[in-house]
Amino acid sequence: MEFPIAVEEILEHVPERARIAYTYLVTSAKSEYDQETGWSCAYITQQALADEMYVCLRTTTRAIRDLKDAGLVRVLSWPGARTETQVRIDDIDVSSPFGPINADQERQPRHVLVQQAIAQLLAHNRELEALAAGM
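Numbers given to residues run from 1 along each chain, matching the order in which its sequence is written. Per-residue local features are limited, in this predicted model, to residues with pLDDT of at least 70; the limit for side-chain atom pairs, both in listing and counting, is 80 or more; totals at the level of whole chains, interfaces and linings are taken over all residues. Excluded from the side-chain calculations are hydrogens and water; all other atoms, namely the structure's heavy atoms, are used.

### Focus: the environment of Asp 93
(1) Moving on: Each helix is a run of DSSP H or I of at least 4 residues and each strand a run of E of at least 2, with the numbering of both proceeding from the N terminus. Residue placement: Asp 93 occurs in strand β6 (residues 92–93).
(2) Moving on: Residue class for Asp 93 comes out partly exposed when judged on its relative accessible area of 35%.
(3) Moving on: It is 8.9 Å that separates the C-alpha atoms of Asp 93 and Ala 6, two residues lying 87 residues apart in sequence.
(4) Moving on: Two residues qualify as a contact provided that any one of their heavy atoms is within 4.5 Å of a heavy atom in the partner residue. Ignoring sequence-local partners within four residues, the contact set of Asp 93 consists of Glu 2, Phe 3, Pro 4 and Gln 120.
(5) Moving on: Identification of polar contacts relies on pairs of N or O atoms within 3.5 Å, with a donor-acceptor requirement for protein atoms, meaning one able to donate a hydrogen and the other able to accept it, and with residues adjacent in sequence counted only if both atoms are side-chain atoms. A polar atom in the side chain of Asp 93 sits 3.3 Å from the backbone nitrogen of Phe 3. Summary of the burial criterion: residues with accessible area below 20% of their type's maximum are buried, those above 50% are exposed, and those between are partly exposed, where the area comes from a 1.4 Å probe applied to protein chains only.

### A closer look at the environment of Glu 32
(1) Moving on: Structurally, Glu 32 is set in strand β2 (residues 31–34).
(2) Moving on: Glu 32 sits 55 residues away from Val 87 along the chain, and the two C-alpha atoms are 9.8 Å apart.
(3) Moving on: Setting aside residues up to four positions removed in sequence, Glu 32 forms contacts with Trp 39, Ser 40, Cys 41 and Tyr 43.

### Notes on the nonpolar core
(1) Moving on: What makes a nonpolar core is a set of buried Ala, Val, Leu, Ile, Met, Phe, Trp, Tyr and Cys residues whose side-chain atoms join them at distances within 4.5 Å. Grouped together as the largest cluster of nonpolar side chains are 29 residues, with contacts concentrated most on Ile 10, Leu 25, Leu 67 and Leu 72.
(2) Moving on: Only α1 (7–11), α2 (16–27), β3 (39–42), α3 (46–53), α4 (57–69) and α6 (110–134) provide two or more residues apiece to this core.
(3) Moving on: Discounting chain neighbours no more than four positions away, the residues touching Leu 72 are Val 7, Ile 10, Leu 11, Trp 39, Leu 67, Gln 86, Val 87, Arg 88 and Leu 121.

### Looking at α6
(1) Moving on: Here, expected helix span is obtained from the residue count minus one, scaled by 1.5 Å. Spanning 25 residues, α6 covers 36 Å between terminal C-alpha atoms, matching the ideal 36 Å at 1.5 Å per step.
(2) Moving on: Within α6 the residues assigned to the buried category are Leu 113, Val 114, Ala 117, Ile 118, Leu 121, Asn 125 and Ala 132.

### Regarding the sheet that holds strand β4 (residues 73–76)
(1) Moving on: When DSSP finds two or more bridges between a pair of strands, those strands are recorded as paired. Spatially, 4 strands are ordered β2-β3-β5-β4 in an open sheet, and the strand pairing comes out antiparallel. On the outer flanks of this sheet lie β2 and β4, each paired with one strand and no other. Shown here is a sheet whose adjacent strand axes are inclined to one another by a mean of 25°, direction ignored.
(2) Moving on: Across 4 bridges, the pairing between β2 and β3 is antiparallel. For Ser 31, the partnering residue across the bridge sits in β3 and is Ala 42. Between N-to-C directions, angles span 0 to 180 degrees; the directions come from axes that are lines fitted to C-alpha atoms, helices contributing only their stretch in contact.

Geometric descriptors of this kind do not, in isolation, establish any biological role.
Structure, rendered in structure tokens:
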């Protein structure tokens, strides 16, 4: 059985400023959706995002941090390349290939599955950010 967690369910757990920043990042003209990965790459600086949102840089920085803490945004940068702000668009599947775990997930409340999705995103994001930093 699959357990898809919609991004909207995770967005319910972040402050309003983060939800607004998420919307701006996803709808930005500088955002490119990658259907294979389920992520959108936004080539926009935090200052440009703040200008679009009509807020100060501090608010945008906090919003990005909130989204990163929920696993919905990862910021990747490489020497000599533009910084990518990647934004999760597609659902997150938290199902397990192992029968006993999958059976246990069927009995778990939805908020527990949402927390599993956040943990899964955070773990994957840390790996990618470490790879990007090590290049």
